[in-house]
Amino acid sequence: MASYWWKDAIIYQIYPKSFKDTNHDGVGDLRGIIESLNYIKELGVNTLWLNPIFISPQIDNGYDVSNYYAVDEIFGTLEDVEELIEKAHALDLRIIFDLVLNHTSNQHPWFQEALKGKDNIYRDYYLWEDAAQDGSAPNNWESFFGGSVWEYDTHSRQYYFHLFAKEMPDLNWKNPEVQKSMVDIAKFWLSKGIDGFRLDAFIHMVKDDFSLNVPNIASGEIALAEQYYANLPEVRVYLEEFISELRKVKPDIFIVGEAASATPKLALDYIGENLCSTVISFDHIQDREIIENPLIPKGLGPKTLNVSDFKKRMISWQTDLKAGQQPTLYWNNHDMPRLVSRFGNDEAYRVKSSQSLAAAMYLLSGIPVLLYGEEIGMKNLKISDISAFQQPTAKEQYNQLLANDFSKEEALKMIASINKEASRGGMQWTADKYSGFSDYGCWSGVNIETAFNVQAEKDDPNSILTFYQELLRLKKDDIFQKGKTEFIQTSDNLIAYKRILADEEAIVVCHVTEEPTDVPDWLSSLEDNYQVVMSSFDYKMADMMQPYDYIIVSK
Ligand code: NOJ
C-alpha cells in the first residue's frame, strides 16, 4: 500500500453525546468538542473519530440515521462542523465520521417511501420478504438486538429485515441506487473537509438466501445466524467499489472498518489500497470468569482478561497481516465496558492497572484507538436503574440476581460489567457537579466519584493522564511505528514483547494481574546497555513485580 498520513494515526474516540455539553441540555455537542481541541492535541493523539452526529431519532444513539446530510440539532449545526474541521486541521488533527452503511432509521425518507407499497421506487432500497407458508417470519434468524430479524408490515403484508433494532431497517446493497446514494453521502462529507470514515457494521451489508434456516433450532425458536449475515464474500466487492469511488476524490482517505467478528485471516481481505485502511475487530477482547458462582447468571460473575488467549490472538494480529496492513489496538469502545473496570482494578489499582494495560497494548504495532475518558482512568458508569440497559436479557438477569439475595447495587454493577451503557458516562473534566461535563446534568449519568478528572490529573506527574501523554509520545518513535514485534514467553501474569528496528530494540513488560510474580531472570539480567524509558519499579533490585508493575527499556 502507498504510504499515507494515517500509517501513524493515533485515534481518540469521542462519543459526542457524552463528551462536553455547552448548551445546557445534558447532551454533549460539537461546540464542546471544539472547546476541547487543545486538550485533545496535548494528549498526543492525531485523529478524532466521532460517533454519529447526523439527524436521528436516537433509538440507537445516532446509529439510526434519518438524514445523512445534516447534523442533528442536539449536536449543533453544519457551521459547527465546519468550524470543528477547520480548527482541528489547524492543530494538525484529522477527523473521521461514523458512517452507517448497513441500515437507516425507519424514519429515513427512503424507508417512509418504501412503506408506501411494493411499487414504490424506494421499495428495493430495503430487504422485503413474504411470510413463510404458515404465515410466520421468513426464517429463524435472530437480530443482534434480540427478537427476529423480521418485522411485519401490515400495509404491504410483507416482512422487512433488520439486523439491529426494528426501527433500523437494513439496506439492500445489491441495489445500485443504494450503492450510489451512499457514495454521494460520503462525498458530501469529504467535500466538507473530513479525512475519512469509520464504517459501521460493514461486514453485514450482504445477506445470504433468506430461505436458509439456522439448523437444529426448534420450530418457532430463533438464533443468531452470523454464517448467513456476516462476512459474505460479496461484502468485499461492495466495499471495494465504495472505497475506490471515494479514493478518486480523496486519495489519502482514512477508512476504519468496523469488522467485529474479523480474525486476522479475514482482515487480510478487508485491508488494502481500495479497501479499509485498518479494521476494528473484537477478536482480541477476551475475558475469563474468575469464579463460577451458581447464584450468578453465566457471564455476570467477576471476570479478568484471559491473558493467554489475548496473547495468542495478538501474536496473530501482529504477525499475520501483510506488509502495509496494520491492526487497530484498543481495549474499549462505546459498545463495551470500560478498560479499568473490566480488565484492571478500578478500586485498589485504578492508576497502575490503567497504566500497565495501556503500555501492554499501545506500544504494539498498529493504530491505537482510545475511548474518551480512558486516559484519566474513567470507570464503568454506575447506573441506578435497570431500565437504562438496552440488552434484552438485562432485566431477567437482574431479577434473578435479586432473587438470589444480591443487593440492587451489586446486581446493577454486575450487569454494567458486560454492557455497553457502562462506557457512555459524561466525561470527567472537573470535580464540579456533573463533572464539568455540563451544568445541567448528563443524559447517561456521570460518575459520582469526582476525585479524578482532567483538571486534577493534568499537572500530576503520577497521573494516568500524564502517563498516557508520555506513552503516546513514545509511540511516535520509529521503533514503535515500524519495528518488528516479537512476543516474549512469560507466565500469564505478564504481557511482554520486543520491538526491533535494525539494531535498535525496545522491551515492554507489563504485569496485568494482581498475582505475585517474580521479575523474570532474563529481565533482571539484561545487559547494561539497556536504558529505562518508563518504569514503575527497579528491575535490577526488585525480586517481585507488584500488581500492575510495568517497565519499558530500550537500547
Ligand atoms: C455498531 C455500533 O458500534 C453500535 O453502537 C451500533 O449499535 C451498531 N453498530 C448498529 O449500528
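Residues numbered from 1 in each chain as written. Predicted model: local features only at pLDDT ≥ 70, side-chain atom pairs only at ≥ 80, totals over all residues. Heavy atoms only, no water.

### Considering the packing of aromatic side chains
Going through the model one piece at a time under the given rule, you end up with 41 aromatic pairs. Their ring planes at 15 degrees and their centres at 5.6 Å tell us that tryptophan 6 and phenylalanine 254 sit as a pair that is stacked. Taken together, the positions of tryptophan 6 in the segment before β1 (11-14) and phenylalanine 254 in strand β12 (residues 254-258) put the pair 248 residues apart, joining distant regions of the chain. According to the relative accessible area criterion, phenylalanine 254 is buried, its value standing at 0%. Ring geometry for phenylalanine 54 versus phenylalanine 97: centroids 6.1 Å apart, planes at 75 degrees, classification edge-to-face. A residue pair is termed long-range when its members are at least 10 positions apart, and phenylalanine 54 in strand β3 (residues 54-55) and phenylalanine 97 in strand β5 (residues 94-100) qualify at 43 residues. Neither phenylalanine 54 nor phenylalanine 97 differs from the other in exposure class; each is buried. Its end group placed over the ring of phenylalanine 452, arginine 350 keeps NZ or CZ at 3.6 Å from the ring centre. (Phe/Tyr/Trp six-rings, centres within 6.5 Å; stacked < 30°, edge-to-face > 60°. Helix = DSSP H or I, 4+ residues; strand = E, 2+ residues; numbered from the N terminus. Buried < 20%, exposed > 50% of the residue type's maximum accessible area, 1.4 Å probe, protein only. Lys NZ or Arg CZ within 6 Å of the ring centre and 35° of its normal.)

### Observations concerning the nonpolar core
One finds Tyr12, Phe197 and Phe242 to be the most contacted residues of the largest nonpolar core, which totals 150 residues. Counting 16 residues, the second largest nonpolar core, distinct from the first, contains Leu381, Ala394, Tyr398 and Leu401. (Core = buried A, V, L, I, M, F, W, Y, C linked by side-chain atoms within 4.5 Å.)

### Looking at the UniProt feature "domain: Glycosyl hydrolase family 13 catalytic" (unreviewed entry) in the chain
Sequence positions flagged by UniProt for "domain: Glycosyl hydrolase family 13 catalytic" (unreviewed entry) are, in local numbering, residues 13-418. Secondary structure within residues 13-418 divides into 31% helix and 15% strand; the distance between the first and last C-alpha atoms comes to 20 Å. (UniProt positions renumbered as here; feature names shortened; annotations may be inferred.)

### As for the environment of valine 532
By the element assignment, valine 532 lies in strand β22 (residues 531-535). The exposure class of valine 532 is partly exposed, given its relative accessible area of 47%. When the C-alpha positions of valine 532 and lysine 555 are compared, they lie 9.0 Å apart, and in sequence the two are 23 residues distant. Discounting chain neighbours no more than four positions away, the residues touching valine 532 are Tyr539, Ile551, Ile552 and Val553. (Contact = heavy atoms within 4.5 Å.)

### Let's talk about the sheet that holds strand β18 (residues 484-487)
The five strands are arranged β18-β19-β20-β24-β22 in an open sheet whose pairing can be described as antiparallel. Only two strands of the sheet have a single partner each, and these edge strands are β18 and β22. For this sheet, the mean angle separating the axes of adjacent strands, direction not counted, is 20 degrees. Here β18 pairs with strand β19 (residues 494-501) via four bridges, running antiparallel. For phenylalanine 487, the partnering residue across the bridge sits in β19 and is tyrosine 497. Relative to β19, helix α9 (residues 307-319) is tilted by about 15 degrees, and along the sheet it contacts β18 and β19. (Pairing = 2+ DSSP bridges. Axes fitted to C-alpha atoms, helices over the stretch in contact; angles between N-to-C directions.)

### Brief notes about empty space enclosed by the protein
For the structure shown, the criterion picks out four cavities of 30 Å³ or more. The calculated volume of the largest cavity comes to roughly 60 Å³. Lining of the largest cavity is provided by Val279, Ser281, His284, Met314, Trp317, Gln318, Pro327, Thr328 and Leu329. Among the secondary structure elements, those contributing two or more residues to the lining of the largest cavity are α9 and β16 (328-329). The leading source of residues in the lining of the largest cavity is α9, at three residues. The residue makeup of the lining of the largest cavity, split by class, is five nonpolar, four polar and no charged. (1 Å grid on protein atoms, 1.4 Å probe; cavity = no way out; pocket = protein on both sides within 12 Å on 5 of 7 lines; lining within 4 Å. Points joined across faces, edges and corners; volume = space filled by probe spheres on them. Nonpolar A, V, L, I, M, F, W, Y, C, P; charged D, E, K, R; others polar.)

### A short note on the site of the ligand
Close contacts around the ligand come from Asp60, Tyr63, His103, Phe145, Phe164, Arg198, Asp200, Glu258, His334, Asp335 and Arg424, and that covers them all. Residue aspartate 60 places a side-chain N or O atom 2.5 Å away from an oxygen atom belonging to the ligand. Here aspartate 335 contributes a side-chain N or O atom positioned 2.4 Å from an oxygen atom of the ligand. Protein chains bury 95% of the 300 Å² of accessible surface belonging to the ligand in isolation. Applying the majority rule of atoms within 2 Å of the grid points places the ligand in the largest pocket. (Near = heavy atom within 4 Å. Polar contact = N/O pair within 3.5 Å; in protein donor to acceptor, adjacent residues only side chain to side chain. Areas by Shrake-Rupley, 256 points an atom, 1.4 Å probe, with all protein chains shown as cover. Sits in = over half its atoms within 2 Å of the grid points.)

### Structural notes on the layout of surface pockets
Estimates place the volume of the largest pocket at around 1400 Å³. Residue lining of the largest pocket: 44 residues in total, with Phe144, Phe145, Phe282, Asp335 and Lys420 positioned closest to the centre. Grouping the constituent residues of the lining of the largest pocket by class yields 18 nonpolar, 11 polar and 15 charged. When we break the lining of the largest pocket down by domain, the ones giving at least three residues each are domain 1 (8-103 + 176-213 + 223-382 + 448-472) and domain 2 (109-161). Along the wall of the second largest pocket there are 43 residues; nearest its centre are Pro302, Lys303, Ser341, Lys413 and Ser417. (Domains from an automatic or database assignment.)

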